[in-house]
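These are the residues of each chain, in order.
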Amino acid sequence: MNSYFPRTITMLRREKGLSQKQAAADLEISQALLSHYEKGIRECGLDFVCRAADYYDVTADFLLGRSPNRTEGHPERVRRHAVAGEINRELISNFLEVLYSRLTQLSSRKLTVNISTYLFLALYRIFRRVDAISPTHTEEFYTLPESIYSGYALAAMERLYADIEEQTDPNAGFQYIKRFVSQHPVSDIPEQYPAQSNSVFKIIERAESSVQKMHK
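Predicted, not measured: the structure shown is a model, and the values here were computed from it. (Residues numbered from 1 in each chain as written. Predicted model: local features only at pLDDT ≥ 70, side-chain atom pairs only at ≥ 80, totals over all residues. Heavy atoms only, no water.)

Chemist: I'd like a description of the confidence of the model for the protein chain, backed by residues and values.
Modeler: Averaged over every residue, the pLDDT of the protein chain is 84; residues scoring 70 or more account for 91%. Within the protein chain, no element has a lower average pLDDT than helix H6 (residues 76-80), which sits at 46, and none a higher one than helix H2 (residues 20-26), at 93. The low-confidence segment residues 74-78 (pLDDT under 50) makes six contacts with residues lying over four places distant or belonging to another chain. (pLDDT = per-residue confidence, 0-100. Helix = DSSP H or I, 4+ residues; strand = E, 2+ residues; numbered from the N terminus. Contact = heavy atoms within 4.5 Å.)

Chemist: Any chance you could break down the packing of helix H1 (residues 4-15) against helix H3 (residues 31-39) for me, citing the residues and the numbers?
Modeler: Following both chains from N to C, one finds H1 and H3 inclined at 120°, their axes separated by 6 Å at the closest point. When the interaxial angle is binned, H1 and H3 end up oblique. For the pair H1 and H3, the contacting residues are Pro6, Ile9, Thr10 and Arg13 in the first and Leu34, Tyr37, Glu38 and Lys39 in the second. Of the residues that constitute the contact of H1 with H3, the class distribution is four nonpolar, one polar and three charged. (Axes fitted to C-alpha atoms, helices over the stretch in contact; angles between N-to-C directions. Parallel < 35°, antiparallel > 145°, perpendicular 65-115°, else oblique. Nonpolar A, V, L, I, M, F, W, Y, C, P; charged D, E, K, R; others polar.)

Chemist: If you had to explain the nonpolar core to someone new, which residues and values would you point to?
Modeler: In summary, soluble globular proteins display a tendency toward joint burial of nonpolar side chains. Formed by 20 residues in total, the largest nonpolar core has its most connected members in Phe5, Leu12, Ile29, Leu34, Tyr37, Phe48 and Leu63. Of all the elements in the fold, those that place two or more residues in this core are H1, H2, H3, helix H4 (46-56) and helix H5 (60-63). If one sorts the elements of this core by residue count, H4 sits on top with five residues. Discounting chain neighbours no more than four positions away, the residues touching Leu12 are Tyr56, Val58, Phe62, Leu63 and Arg70. One finds Leu106, Leu111, Ile177 and Phe180 within the second-largest nonpolar core, a separate group that totals seven residues. (Core = buried A, V, L, I, M, F, W, Y, C linked by side-chain atoms within 4.5 Å. Buried < 20%, exposed > 50% of the residue type's maximum accessible area, 1.4 Å probe, protein only.)

Chemist: How would you explain empty space enclosed by the protein if you had to name every residue and give the values?
Modeler: The gaps of empty space that remain are located by a probe, the size of a water molecule, rolled over the atoms. Using the criterion set out here, one finds one cavity of 30 Å³ or more in the structure. In this structure, the largest cavity spans a volume of roughly 30 Å³. As for the largest cavity, its lining consists of Arg128, Arg129, Ala132, His137, Glu139, Glu146 and Tyr149. Elements supplying a minimum of two residues to the lining of the largest cavity: helix H8 (109-131) and helix H9 (146-167). Each residue belonging to the lining of the largest cavity can be placed in one class, and the counts come to two nonpolar, one polar and four charged. (1 Å grid on protein atoms, 1.4 Å probe; cavity = no way out; pocket = protein on both sides within 12 Å on 5 of 7 lines; lining within 4 Å. Points joined across faces, edges and corners; volume = space filled by probe spheres on them.)

Chemist: Can you explain H4? Please cite residues and give values.
Modeler: Turning to H4, its buried residues are Phe48, Val49, Ala52, Ala53 and Tyr56. Down the axis of H4, the sector holding all buried residues measures 140°, keeping them to one side. Residues Leu46, Asp47 and Asp54 are exposed on H4 and point more than 90 degrees away from its buried face. (Arc of directions from axis to C-beta.)

Quick look at the structure:
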């Protein structure tokens, strides 16, 4: 069983305010077995996945971390093109919702502006690159010539990231960072953002997988 299933069934049970004992009884298994499933100690069978999906009124894909959407199925076309389709768009949307919520709690205008500008630049570079494919593409839409935008945009992103690292370094004396991390650890995200937490962990997994492939 993948790493999302234990986390997701735990999150859903807590959302409903159910004890392990009650959920286990409803799902017709022992409390000890449900505890093992939630901790990832044991893998369950397909029958239990189906029962859990019906019990919590979500799709099996959501339970397994294959989709951030709790209730709607996905047509085959979307499945074949998931990397560039609706699933990833919803993952990113949910991730940004959590990110900006945490930035609001940090109450640092400068940090929020820097992170937002970093994201603006990343989207701008991607958009211009994709736009250049179009046969109707015209550089008149932009104020910066193509010979300048890419390199300087990347340099601006690197400088912004250096500023972001400095602003979030707890060892540099930023007490508000230390307080925030202690009060809002990443491990609390499933409880704080039950509807978006799967997306957060999915993006983290994909990003780290991409880095690991480059590192090999």
